[in-house]
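# Breakdown of the fold
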Amino acid sequence: MPRQRALLDWLDLDRARSEPLQEQMARQLRAAILQGSLPVGTALPSSRALATDLGISRGTVITVYDRLLGESLLEVRERSLTFVGSGFKAAPMSAPPVSPAPETC
């Protein structure tokens, strides 16, 4: 499944960090969705397949998917497949924001 492989290429969970794996995964997926790296309609791997490929518990993946479903970033449809949802606004792909110059008197 090419999309699954692409997801695994950039999803970087670090067990040495003090941040729990589910927090790392949720943060990374949320950022990818909001920045448009995972476009609306992108199919995500099943929780079982992703857990196996990442070497983490399926419960961790389910918890993250459920959290992002609650944030309307993911949606479940046809035969319980999980997709990037359409109930949010992704940030436009443009140049990074520029800080305003300090005012001088």
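Residues numbered from 1 in each chain as written. Predicted model: local features only at pLDDT ≥ 70, side-chain atom pairs only at ≥ 80, totals over all residues. Heavy atoms only, no water.

Counting residues in each nonpolar core, the largest one holds 20 residues, and the members touching the most others are Met25, Leu29, Leu38, Ile56, Val61, Tyr65 and Leu74. For this core, the element with the highest residue contribution is helix H2 (residues 21-34), accounting for 5 residues. (Core = buried A, V, L, I, M, F, W, Y, C linked by side-chain atoms within 4.5 Å. Buried < 20%, exposed > 50% of the residue type's maximum accessible area, 1.4 Å probe, protein only. Helix = DSSP H or I, 4+ residues; strand = E, 2+ residues; numbered from the N terminus.)

Time to look at the environment of Ile62. Structurally, Ile62 is set in helix H4 (residues 58-70). Residue classification places Ile62 among the partly exposed positions, given a relative accessible area of 31%. A C-alpha to C-alpha distance of 9.9 Å links Ile62 and Leu50, two positions 12 residues apart in sequence.

Turning our attention to the packing of H2 against H4. Remark: H2 packs on H4, axes separated minimally by 9 Å, with the N-to-C direction vectors making an angle of 40 degrees. By the angle between their axes, H2 is oblique relative to H4. In the packing of H2 onto H4, the handedness of the crossing is right-handed. The residues of H4 that touch H2, namely those facing Leu21, Gln22, Glu23, Met25, Ala26, Leu29 and Arg30, are Thr60, Val61, Thr63, Val64, Tyr65, Arg67 and Leu68. (Axes fitted to C-alpha atoms, helices over the stretch in contact; angles between N-to-C directions. Parallel < 35°, antiparallel > 145°, perpendicular 65-115°, else oblique. Left-handed = near helix turned anticlockwise from the far one by under 90°. Contact = heavy atoms within 4.5 Å.)

Another point: the pairing of strand S1 (residues 74-77). In regular strands, side chains alternate between the two faces of the sheet. Bridge count between S1 and strand S2 (residues 81-84): 4 bridges; the pairing is antiparallel. Its bridge partner lying in S2, Arg77 is registered against Leu81. Taking the residues that link successive antiparallel strands as the turn, the S1-S2 hairpin has 3 residues, and the phi of Arg79 there is positive, at about 55 degrees. (Pairing = 2+ DSSP bridges.)

On inspection of all chains with the given rule, the structure shows 5 salt bridges. Two residues, Glu19 and Arg17, come together in a salt bridge whose shortest N-O distance is 3.4 Å. In this structure, Glu19 and Arg27 form a salt bridge, with 2.7 Å as the shortest nitrogen-oxygen distance. Three or more residues are tied together by salt bridges with common partners; here these are Arg17, Glu19 and Arg27. (Salt bridge = Lys/Arg side-chain N within 4 Å of Asp/Glu carboxyl O.)

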